[in-house]
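Given next are the chains, with one letter for each unit.
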Protein chains: 2
Amino acid sequence: MKSYNNIQKLFLISTICTLFFCTLTACVSRNESQGTKVTPKSNSSNSSTTTDTVSSNLYDSIIHNGRYQVSAQRGVSVSNTNNMSDLMGFESGLLNYERKIFSPEKYIFQEGQNISKELAISWLGRKSKDNPQGLNPVDNGSKDPNKRNPLVLQQILEHDFVTKKGNGYNLEGIVIGLSINSTDYYQKEQYGPTFKTDIKNSAGDKYAKESANIILTRLRKIQSLKNVPIYLYVYREGEEDSLVGGNFIFSSKADQGDKFTNWTNINEKNVVYPVTNNDLPVSQKDSDDFNNFKNNIQNFFPNIAGVIAQAHYESGLIKGMVIKITTQFYSITEISSFTQYCANQANQNLPKGIPLEIDIQSANGTMLSFISRNPTDTGFYTHVFSSY
Amino acid sequence: MKSYNNIQKLFLISTICTLFFCTLTACVSRNESQGTKVTPKSNSSNSSTTTDTVSSNLYDSIIHNGRYQVSAQRGVSVSNTNNMSDLMGFESGLLNYERKIFSPEKYIFQEGQNISKELAISWLGRKSKDNPQGLNPVDNGSKDPNKRNPLVLQQILEHDFVTKKGNGYNLEGIVIGLSINSTDYYQKEQYGPTFKTDIKNSAGDKYAKESANIILTRLRKIQSLKNVPIYLYVYREGEEDSLVGGNFIFSSKADQGDKFTNWTNINEKNVVYPVTNNDLPVSQKDSDDFNNFKNNIQNFFPNIAGVIAQAHYESGLIKGMVIKITTQFYSITEISSFTQYCANQANQNLPKGIPLEIDIQSANGTMLSFISRNPTDTGFYTHVFSSY
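These numbers were taken from a predicted model, which means no experiment stands behind them.

Undergrad: Would you mind showing me how to read the packing of helix α5 (residues 284–298) of chain A against helix α6 (residues 332–349) of chain A here?
TA: How two helices pack is summed up by the angle between their axes together with the distance between the axes. Residues and elements named next belong to chain A. Two elements in contact, α5 and α6, have axes separated by 9 Å at closest approach and are oriented at 155°. Taken together, α5 and α6 sit at an angle that is classed as roughly antiparallel. Remark: the crossing between α5 and α6 carries right-handed chirality. Along the contact surface, α5 presents D289, N292, F293, N296 and I297, while α6 presents F338, Y341, C342, Q345, A346 and N349.

Undergrad: In this structure, what is going on with the relation of the copies chain A and chain B? I would like to understand it.
TA: There are two copies of the chain, and a rotation about an axis plus a shift along that axis relates them. With an RMSD of 0.0 Å, chain A superimposes on chain B once it is rotated by 180° and translated 0.0 Å along the axis. With respect to symmetry, the two chain copies, as superposed, fit the operation of a two-fold axis. No C-alpha of chain A approaches the rotation axis more nearly than that of M367(A), which lies at 3.5 Å. A symmetric contact is evident, with 99% of the interface residues of chain A recurring at the interface of chain B.

Undergrad: Teacher, can you tell me more about the sheet that holds strand β14 (residues 306–314) of chain A here?
TA: In a beta sheet, neighbouring strands are held together by backbone hydrogen bonds and run either parallel or antiparallel to one another. Residues and elements named next belong to chain A. Here six strands make up an open sheet; going across it, the order is β13-β14-β15-β16-β17-β18 and the pairing mixed. With one partner strand each, in any of the chains shown, β13 (268–273) and β18 (381–384) form the two edges of the open sheet. Put simply, the sheet's adjacent strands are angled 10° from each other on average, direction ignored. With four bridges joining them, strand β17 (residues 367–373) and β18 adopt antiparallel strand pairing. When the bridges of β18 are listed, S372 appears paired with Y381. Sheet contacts for α5: β13, β14, β15 (317–327) and β16 (356–362); angle to β14, the most-contacted strand, approximately 160°. Strands β15, β16, β17 and β18 of the sheet are contacted by α6, whose axis makes an angle of about 25° with β17.

Undergrad: Explain the pairing of strand β5 (residues 108–111) of chain B here, please?
TA: Look at any regular strand and the pattern is simple: side chains alternate between the two faces of the sheet. Residue and element names in this part refer to chain B. Burial along β5 is two-sided: the residues I108 and Q110 and F109 and E111 are all buried. Sheet topology note: the β5/strand β6 (residues 153–165) ladder contains four bridges and is antiparallel. Residue pairing in the sheet places I108 in a bridge with V162 of β6.

Undergrad: Explain unusual backbone geometry here, please?
TA: Negative phi values dominate among residues other than glycine, just as trans dominates among peptide bonds. A cis geometry characterises the amide bond from Y273(A) onward to P274(A), with omega recorded as 0°. By secondary structure assignment, the location of P274(A) is in the loop between β13 and α5.

Undergrad: Would you take a moment to explain the side chain of S252(B) for this structure?
TA: Residue and element names in this part refer to chain B. Topologically, S252 is positioned in strand β11 (residues 247–254). A polar contact of 2.6 Å, which involves the side chain of S252, links it to the backbone oxygen of N262. Every residue in contact with S252, bar those within four places of it in the chain, is listed here: I230, Y231, L232, F260, T261, N262 and W263.

Undergrad: What am I meant to see in the pattern of salt bridges here?
TA: Once their charged atoms are close, side chains differing in charge can pair, the charge on each being opposite to the other. Residue and element names in this part refer to chain A. Enumeration according to the criterion identifies 15 salt bridges over all chains in this entry. Note that K285 and D289 form a salt bridge whose closest N and O atoms lie 2.7 Å from each other. Linking K285 with D289, this pair stays in helix α5, spanning four residues, or about one helical turn. Residue classification places K285 among the exposed residues on the basis of a relative accessible area of 56%.

Undergrad: Explain helix α4 (residues 201–220) of chain A to me, please; I cannot follow it from the model alone.
TA: Note: α-helices contain 3.6 residues per turn, so residues at a spacing of three or four share the same orientation. Residue and element names in this part refer to chain A. The terminal C-alpha atoms of α4, which comprises 20 residues, lie 28 Å apart, in line with the 28 Å expected from a rise of 1.5 Å per residue. Looking only at α4, the buried set comprises G204, A208, S211, A212, N213, I215, L216, R218, L219 and R220. Those residues of α4 that are buried lie in contact with α3 (117–124), β6 (153–165), β7 (168–180), β10 (230–236) and β11 (247–254).

Undergrad: It is not clear to me how helix α6 (residues 332–349) of chain B should be interpreted in this structure. Could you clarify?
TA: Over its 18 residues, α6(B) extends 25 Å from the first C-alpha to the last, a length consistent with the 26 Å expected when each residue adds 1.5 Å. Counting buried positions along α6(B) gives 16 out of 18 residues, so the element sits mostly inside the fold.

Undergrad: Can you help me understand the packing of aromatic side chains in this one?
TA: Pairs of aromatic rings are described using the distance from one ring centre to the other and the angle between the two planes. All names here are of chain B. Enumeration according to the criterion identifies 58 aromatic pairs over all chains in this entry. Considering the side-chain rings of Y59 and F109, the 6.1 Å spacing of their centres and the 35° angle between planes classify their relative orientation as tilted. Highlighted residues: Y59 in the loop between β2 (48–50) and β3 (60–64) and F109 in strand β5, separated in sequence by 50 residues. The exposure class of F109 is buried, given its relative accessible area of 2%. Ring geometry for F370 and Y381: centres 6.2 Å apart, planes at 50°, overall tilted.

Undergrad: It is not clear to me how the interface of chain A and chain B should be interpreted in this structure. Could you clarify?
TA: In many analyses, interface size is given as the accessible surface area lost on bringing the parts together. Contact residues are listed per partner, giving 81 residues for chain A and 80 residues for chain B. Summed over both sides, the interface between chain A and chain B buries roughly 6800 Å², with carbon and sulfur atoms accounting for 59% of that surface. A per-residue breakdown of the area chain A buries against chain B is headed by R74(A), Y330(A) and Y388(A), which together make up 14% of the total. One can count two salt bridges joining chain A with chain B. Here E334(A) and R74(B) are joined by a salt bridge, their closest N and O atoms 2.6 Å apart. Put simply, chain A and chain B have 32 residue pairs in polar contact (both at pLDDT 80 or more) between them. Ranked by residue count, the leading element in the side of chain A that touches chain B is α6(A), at ten residues. For the side of chain A that touches chain B, the class distribution of residues is 35 nonpolar, 35 polar and eleven charged.

The rules behind these values
Residues numbered from 1 in each chain as written. Chains lettered and ligands numbered in written order. Predicted model: local features only at pLDDT ≥ 70, side-chain atom pairs only at ≥ 80, totals over all residues. Heavy atoms only, no water. Axes fitted to C-alpha atoms, helices over the stretch in contact; angles between N-to-C directions. Helix = DSSP H or I, 4+ residues; strand = E, 2+ residues; numbered from the N terminus. Parallel < 35°, antiparallel > 145°, perpendicular 65-115°, else oblique. Left-handed = near helix turned anticlockwise from the far one by under 90°. Contact = heavy atoms within 4.5 Å. Least-squares fit on C-alpha atoms with pLDDT ≥ 70 in both. Pairing = 2+ DSSP bridges. Buried < 20%, exposed > 50% of the residue type's maximum accessible area, 1.4 Å probe, protein only. Polar contact = N/O pair within 3.5 Å; in protein donor to acceptor, adjacent residues only side chain to side chain. Salt bridge = Lys/Arg side-chain N within 4 Å of Asp/Glu carboxyl O. Expected span 1.5 Å × (residues − 1). Phe/Tyr/Trp six-rings, centres within 6.5 Å; stacked < 30°, edge-to-face > 60°. Buried area = accessible area lost by both parts, 1.4 Å probe. Nonpolar A, V, L, I, M, F, W, Y, C, P; charged D, E, K, R; others polar.

As structure tokens, this is what we get:
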């Protein structure tokens, strides 16, 4: 389906590929006035501090003895992660929703401390005699794409939100991100060819909801989580060969108790421009605007530049754009001039009032400059990377 | 002499490595009121425009028919370029001096149009029967490091500065950058081991001045350059294994005529922090400040971060700093928290009132976020690269 060239693809992947190993879980009850005190797990309780955010859009996070309080399941990886964009899109998308629930001005971010690495590995595994806690379907023995049980759950992520209380922190709520596959890729034999089992949306949705409730029940058994609001966001991963990640599909919350009862559908979509294979774009206008931008800059140098965009839509409206430009430069003055020209073309052609990022890199993958505009900015910030 | 590990080294090189192929030359007479009209070399003379700079610190540059007017010697490479930092440091350093002569608010930048690719290649070659225009010493046949004639001239660069005049542009002055080797690296046989011939500063300086005057004479023979001010900046390249480039050593200008008569020494130096091997730092205070910064951030995660700085000095005073941080991240929240923490530590520990850039990247070389402060800013700009 995709016809982007390898350089473009490598570019995106290398830019995204951040060694994410997915992460893990927890759940339940929003009770604003009654959080649980989180005792920092290090030796000295009075040396705990936070990062002191420089931007109002970012969370403070907890530092203890000069060291970041990492996630309890740091480094957990699901070996068959399909698409590097999913790793990044899942987490940054989740953060966007979290900012609407837990204002960065009031809450401090804490990496998930309740779902340990061992739990995460166990829960993301198949259910079996050796792994009774496994949340993925049992292996039914079949290797036929249409008869085997696909792996449905792909990633699990826990984020905690706290407020300062005395020398410690008060847990105010936790958010669980759960990611499910749209397609399960597998090998019939080690090093053999890859086959795939498609997972119908309806089947994936149902499985996610059931799994979410099991997770919630398990989390409620943790003493400190008995009365904490637990939010859940479910994400469906993109195709392996896609240049964007998947998207969130629904959410729920449980102020208390061990069942998610109300589900809120999420209408969002990530797409790639230019549109290929005569596919219909989500928005013809956005597609035309992007093509104007692309056409104006790709012939700036005698050698053609690769220009590709990831666009994020919510309820059919564009809400963000990341553009990657790859070209061959022969001097700093070329980079600098090109960067300015791109900013002007972006200003003339691309949608306003949304976060916009344009990354410019050389053919060998080195990032050379970038352009950025926040939704409320009128002008662009440009930066050419330097060296002495 | 250097003890940085390979990751740090690769990081710097990959960040710097911009496919620069060096460039070429020209010279002479500053005559403010009498520039030469530059006719754009493309088909339609009225479709010429400029990049329309978004920053007052950057030059407008010339675009013709939607295409950048590239350097006449674009893509010229000297095969034995020693150090990737030299390629970038030479050109960006030159731009810093140019901004002081030709204000970006008044002048438009034009890539050098007078020294063609063929001229550049010829001039940077050895003088020989086949290449009588060669400016590097004749091959005396010796392969002994102390008896052979080293290649002295390494790079040549021409930048033109113009103002708009009617449908065209008026050439107001040109700047020639000339880079000489401190060490000439060579092989006695193809694919054989590398040997080196050191070039004494006094010998290199003398050779550069003689070559500059030959170049000036040749440029003055070009009709359009007869009465244009020509500036010259000479740069001495760093050692092959250094993590910074070399530095500019002297300059001159010729408002007219074919001889540079007055030479102005330039006292600048690029150094790397942390200082290794008990070397004395240029500034003990700057070194201590950097070490405080480094110590405070390198244990932020359980895995240690690599932290290294390039610092630029003019007349003994620090004038700029680029810091590269490499560490392994497991999530976007880790990147975001680390970025904020670094900005705070930079604010507390690093010199103020100078341009400061901090690039943060993963162990595999992907740039993940960066922090920047201009000399006049009080706060830091931070950006975490995103993906959908």
